[in-house]
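Geometric and topological summary
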Amino acid sequence: MGLSPVGILALQGDVREHRAVMESLGHHVVSVKTPGDLEAVSAMVLPGGESTAISLLLKSSGLLSPLRQRIADGMPTFGTCAGLVLLARSILDGRADQVQLDGIDAVVRRNGFGRQRFSFETRAEGAGPLQGMSLPAVFIRAPLIESVGDDVEILATIDRDGEDTAVLIRQGSVLAGSFHPELTSDRRCHEVFSTMVEQGTVHTTL
Ligand code: GLN
């Protein structure tokens, strides 16, 4: 049996890059634009892009409530950058009309790295399943994870002005990062997600 089908929210953002990585790991990938598309997948990737634009499109496509429900029901979900903003329990500096999927107990400041650090590249230090690994991390108008709840694991950090700052976090079946692993050739973050997908999916015999 092949690996589980993974959906990529294909309303706006860097959909193609995530698709390429998930396909290279052996998953069948479905572009999700409608509630019907969502029904066909066992897991979802929420790409980077612009969380305010994706918010509007989630509402107009009818995906908002079924997606929120699937995440609440434990569907493995991986959000990067704007995807993290959408998944966070609480957003600072967001737009009043932007939506939250309540996937992970984190407070995230939109564009929180400040103007002077609009876009930069560094190395992140892994923890948990990424322990001992140094990961290339590209940040583009990235959200800053300001705090996380007790049930949230920190899977990678960067040194930011001498302080360890979480950049990849996980709670249950939700993985979220402030950077863009899909823009480098390093697949280890997606491998962690792929493992979550395979462990978190109930395979039923029809
Ligand atoms: N600043 C964007 C937002 O708020 C995120 C940027 C990105 O995904 N690269 O949605």
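Sequence order sets the numbering: in each chain, residues are counted from 1 along the sequence as written. Two thresholds apply to this predicted model, a pLDDT of at least 70 for residue-level local features and 80 or more for giving and counting side-chain atom pairs, whereas whole-chain, interface and lining totals are computed over all residues. Only hydrogens and water are removed before side-chain values are computed, so all heavy atoms of the structure are retained for them.

**So, the site of the ligand**
Distances are taken per atom, and a residue is near a molecule or strand as soon as one of its heavy atoms is within 4 Å of it. Around the ligand, the structure places Gly48, Gly49, Glu50, Ser51, Cys81, Ala82, Arg110, Asn111, Ile140, Arg141 and His180. Under the rule applied, a polar contact is a pair of N or O atoms within 3.5 Å (in protein, one hydrogen donor and one hydrogen acceptor; residues adjacent in sequence only if both atoms are side-chain atoms). Between Arg141 and the ligand, the recorded distance is 2.9 Å, taken from a backbone N or O atom to a nitrogen atom. Here the accessible surface of atoms and residues is derived via Shrake-Rupley with a 1.4 Å probe, and residues count as covered only by protein chains that are part of the display. Against a free-state accessible area of 300 Å², the protein chains account for coverage of 95% of the ligand. We call Asp, Glu, Lys and Arg charged. Ala, Val, Leu, Ile, Met, Phe, Trp, Tyr, Cys and Pro are nonpolar, and the rest, Gly among them, are polar. Tallied by class, residues from the shell around the ligand come to three nonpolar, five polar and three charged.

**Some points on the environment of Asp93**
Runs of E in the DSSP output that reach at least two residues are strands. Runs of H or I that reach at least four are helices, and both are numbered from the N terminus. Counting through the fold element by element, Asp93 comes out in the loop between strand S5 (88–92) and strand S6 (104–109). Taking the C-alpha atoms as reference points, Asp93 and Val108, separated by 15 residues in sequence, lie 8.8 Å from one another. Whether two residues touch is decided by their heavy atoms; if any such pair falls within 4.5 Å, the residues are in contact. Setting aside chain neighbours within four positions, we find Asp93 in contact with Arg109 and Arg110. At 3.1 Å, the side chain of Asp93 forms a polar contact with the side chain of Arg109.

**Things to note about the packing of aromatic side chains**
Both the distance between ring centres and the angle between the ring planes are used here to describe each pair of aromatic rings. Within 6.5 Å between ring centres, the rings of Phe, Tyr and Trp (the latter by its six-membered ring) count as paired, and their orientation is classed by plane angle as stacked under 30 degrees, edge-to-face over 60, tilted in between. The final tally for this structure, using the stated rule, is five aromatic pairs. With a centroid separation of 5.4 Å and 40° between ring planes, the pair formed by Phe78 and Phe193 is classed as tilted. Linking Phe78 in strand S4 (residues 77–80) with Phe193 in helix H6 (residues 188–200), this pair joins segments that are 115 residues apart in sequence. Phe78 gets classed as buried once you look at its relative accessible area, which sits at 0%. On the numbers, 5.9 Å between centres and 45° between planes, the contact of Phe139 with Phe179 is tilted. Placement of the pair is Phe139 in strand S8 (residues 134–140) and Phe179 in the loop between strand S12 (174–177) and H6, with a sequence separation of 40 residues. With respect to class, Phe139 is no different from Phe179; both count as buried. A network of ring pairs unites the aromatic residues Phe113, Phe120, Phe139 and Phe179 as a single cluster. The classification of residues rests on relative accessible area computed with a 1.4 Å probe and restricted to protein chains. Under 20% of the type maximum is buried, over 50% is exposed, and intermediate values are partly exposed.

**Observations regarding unusual backbone geometry**
Although it is not a glycine, Asp102 sits at a positive phi angle of roughly 55°. Structurally, Asp102 is set in the loop between S5 and S6. Unlike most non-glycine residues, Asp161 shows phi in positive territory, near 50°. Relative to the helices and strands, Asp161 is located in the loop between strand S10 (153–160) and strand S11 (163–171).

Purely geometric numbers; function is a separate question.
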